[in-house]
Amino acid sequence: MIAAAEPVQRPAAARLLVIDAQGAMAHAARSSLVDYLRPGDLVVANDAATLPASLHGSHLPSGAHVEVRLAGRSSLGREDVRFSAVVFGAGDWRVRTEDRALPPPLAYGDRLALGPLVATVDAVLGHPRLIGVRFDGPADAVWAGIARHGRPIQYAYLSTALALWDVWTPIAAAPVAFEPPSAGFTLDWSLLGAMRSRGIDFATLTLAAGISSTGDPALDARLPLAEPYRVPASTAAAIRRAKAKGGRIVAVGTTVVRALEHAAARSGEGVADQRIGPGDRLRVVDAILSGTHEPQESHYQMLRAFQDDDLLGRAGDALGAAGYRTHEFGDSVLVFKKG
Amino acid sequence: MDHALRVAVTGGTSGLGLALLRELRRRGARVAFVARTPRAVEEVARTHQAHGIVGDVARKEDIHPIALQITAALGGLDVLVNNASSLGPAPLALLADTDCEQLELALATNVLGPFRLTKALLGALSASAREGRGAVVLNVSSDAAINAYAQWGAYGASKAALRHMSSIWGEELAAEGVRFLSLDPGDMDTPLHALAVPDADPATLKRPEAAARELADAIAGALPR
């Protein structure tokens with residue numbers, strides 16, 4: 001597929017491939033998404049706002065330049081300023097991650113100076129790029145430092161440097177994601193209004209979406225990392241209401257599927273550490289709105305829980321033949337669970 | 001779930017903003033506030049056990065870092081008070097003597113800033129509404145938003161725009177459960193008023209503490225229960 005290189009969340013020409021429960025495929029304009037939903041359905045989105053999680057600075061023991069990409073956290077707590085992180089050496093997002101230099105050797109206790117922030121390596125996690133870091137100072141100062149010094153994580157296929165407004169979905173709330181829950185780019189307030197007027201309910205949860213790619217096959221095989229989430233009581237209640245009257249649960253993005261299936265539709269906080277793939281039975285979610293994904297991506301594995309491989313293969317061929325665009329600013333698929 | 005009200009106030013280190021911060025803290029709310037001067041922010045944060053955020057709502061680049069710090073500090077947001085204001089020219093000037101840049105500053109602070117910050121925080125506010133906590137945006141207005149006072153052109157035009165924008169936001173977001181208030185606190189003994197009318201007798205002006213109580217009551221009245 002073609003990479004979508006411009007950071008436009010809702011291009012007028014965005015497209016949608018719909019795969020229904022019987023396996024029938026249809027091409028549509030993404031702006032007509034609401035036409036594929038029914039009164040009584042419940043749309044659930046991830047309202048995590050995206051942190052500017054790329055922090056440039058130096059590894060103090062060696063003086064070497066490093067880019068630290070915050071990649072995970074074990075809770076959503078505001079006082080929790082310990083992160084897992086992926087570290088690159090010299091260079092920035094303009095260089096493909098596959099071609100990025102390794103960081104200097106990183107050891108437990110090493111100090112990192114990242115703009116106004118200072119962090120300590122408090123774990124080395126079995127790969128030269130993967131560490132745990134803990135920031136110095138009170139939580140407010142750490143969040144201020146990240147807010148002002150950090151930049152959104154981004155990849156070399158984009159044509160321009162991203163600002164936070166490029167990566168916050170219209171419903172972005174708690175700043176806990178490391179990369180945008182980009183299926184939510186499709187949601188604007190006009191669409192939410194259109195859903196409401198047709199009797200389609202809307203609810204949110206918060207999952208700290210982690211890093212999607214590191215360019216290193218050994219590390220990528222460990223993705224997605226465990227992701228903390230919170231399901232509000234009002235969302236759990238909306239799911240029960242929808243299920244009771246035969247409505248379908250439509251997840252906006254893979255992160256919502258992961259959270260809802262982990263929580264089994266209960267409210268509260270948790271850490272989603274499971275992978276969803278072929279053969280997994282989906283207990284809560286009936287359909288997923290997602291970006292277009294290539295078969296080697298972990299996101300694609302999740303689609304295999306919704307439909308058979310040969311159908312997904314044909315869908316992939318159709319996306320390629322019809323010139324769909326991929327990555328976070330690309331086109332979308334709406335896949336219903338095989339009926 | 002934490003039931004304390006979560007409030008953000010812009011312009012929280014002096015005048016009405018500081019009085020409102022104190023009133024809200026007194027009522028048990030958790031408060032994050034925004035102001036431009038690091039030393040004043042630190043002082044108010046320490047004195048009132050509030051979350052201080054250094055930033056300028058008139059600067060586009062500051063808005064998302066401010067919004068991030070607000071929701072990180074409070075874990076969500078129930079109430080946004082757009083209080084920070086710019087007079088435009090100080091001392092006040094006739095419109096014909098007002099520099100374009102002075103009008104631009106008033107519009108950036110009093111209209112664009114509240115628009116951008118409201119938009120950046122709308123996800124958090126609407127999440128709060130869906131969870132049954134309620135959501136309120138209070139835009140601090142002025143009688144200069146309605147009446148035509150000579151020399152108050154930049155301020156009055158910007159506050160009129162903010163007032164009308166509040167009404168339209170309110171129409172559009174009523175179904176999301178986000179309420180919009182536009183309230184005139186009256187002529188108060190504040191640094192902004194002293195800048196505008198240096199020779200005013202403070203005894204004839206309203207105390208900001210009194211206005212803050214009225215605004216806090218109005219916020220409480222717009223929330224569920």
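To be clear, the structure that these remarks concern was listed above.
Residues numbered from 1 in each chain as written. Chains lettered and ligands numbered in written order. Predicted model: local features only at pLDDT ≥ 70, side-chain atom pairs only at ≥ 80, totals over all residues.

(A) Expanded view of the overall build of chain A. Scanning chain A for helices and strands turns up 8 helices and 19 strands. Relative to the compact-globule value of 20 Å for 339 residues, chain A shows a C-alpha radius of gyration of 20 Å, a close match. For chain A, the spread of C-alpha atoms along the principal axes amounts to about 60 × 45 × 35 Å. Expressed as a percentage of the 339 residues in chain A, the buried residues total 49%. Intrachain contacts of chain A at a sequence separation of at least 6 include 74% that bridge at least 24 residues. (Helix = DSSP H or I, 4+ residues; strand = E, 2+ residues; numbered from the N terminus. Rg over C-alpha atoms; globule rule 2.2 N^0.38 Å. Buried ≥ 20, exposed ≤ 12 C-beta atoms within 10 Å, placed from the backbone. Contact = placed C-beta atoms within 7 Å.)

(B) Quick peek at the interface of chain A and chain B. Chain A puts 23 residues into the contact, and the matching count from chain B is 18 residues. Put simply, the parts of the chain that give the side of chain A that touches chain B at least two residues each are α1 (139-149), α2 (164-167), α3 (189-197) and β13 (201-207) of chain A. The element that contributes the greatest number of residues to the side of chain A that touches chain B is α1(A), accounting for 5 residues. Residues that form the side of chain A that touches chain B fall into these classes: 15 nonpolar, 3 polar and 5 charged. (Nonpolar A, V, L, I, M, F, W, Y, C, P; charged D, E, K, R; others polar.)

(C) Up close: the sheet that holds strand β4 (residues 42-46) of chain A. Residue and element names in this part refer to chain A. Overall, mixed pairing links the 9 strands, which are arranged β3-β2-β19-β17-β15-β4-β13-β14-β16 in an open sheet. In this open sheet, the two edge strands, each paired with only one partner strand, are β3 (25-29) and β16 (268-272). If you compare each strand with its neighbour and ignore which way they point, the axes differ by 25° on average. Sheet analysis places β13 next to strand β14 (residues 227-231), joined by 2 bridges and oriented antiparallel. What sits directly across from T206, in β14, is R230. Contacts between helix α8 (residues 309-321) and the sheet are confined to β2 (15-19) and β3, with β2 contributing the most and set at about 160° to the helix. (Pairing = 2+ DSSP bridges. Axes fitted to C-alpha atoms, helices over the stretch in contact; angles between N-to-C directions.)

(D) Layout of the pairing of strand β5 (residues 135-140) of chain B. Residues and elements named next belong to chain B. A large share of β5 lies buried, amounting to 6 of its 6 residues. By the alternation rule, side chains of β5 split into A135, V137 and N139 and V136, L138 and V140, which are all buried. Pairing of strand β4 (residues 79-82) with β5, which is carried by 4 bridges, proceeds in the parallel orientation. By the bridge assignment for β5, L80 is matched with V137. In this fold, β4 hands off to helix α4 (residues 100-130), which returns the chain to β5; that crossover is right-handed. With 6 bridges joining them, β5 and strand β6 (residues 178-183) adopt parallel strand pairing. Bridging from a neighbouring strand, V140 pairs with L183 of β6. Once the chain exits β5 it traverses helix α5 (residues 153-173) before rejoining the sheet at β6, and the crossover so formed is right-handed. (Right-handed = clockwise from strand over helix to strand, strands pointing away.)

(E) Structural context of the environment of A:G72. All names here are of chain A. Here G72 shows up in strand β7 (residues 64-72). Each C-alpha atom of the pair G72 and W93 lies 19 Å from the other, and the pair is 21 residues apart in sequence. With sequence-adjacent residues up to four places away left out, G72 is seen in contact with F83, S84, F178, G210, L225, A226 and E227.

(F) Structural context of the packing of α4(B) against α5(B). Residues and elements named next belong to chain B. Look at α4 against α5: their axes get within 8 Å of each other, and the N-to-C directions meet at 20°. Accordingly, the angle class assigned to the pair α4 and α5 is roughly parallel. The handedness of the crossing between α4 and α5 comes out as right-handed. Contact residues: α4 offers Q102, L103, A106, L107, N110, V111, P114, F115 and T118, while α5 offers A154, Y155, S158, K159, A161, L162, M165 and W169. Its residues placed into classes, the contact of α4 with α5 shows 12 nonpolar, 4 polar and 1 charged. (Parallel < 35°, antiparallel > 145°, perpendicular 65-115°, else oblique. Left-handed = near helix turned anticlockwise from the far one by under 90°.)

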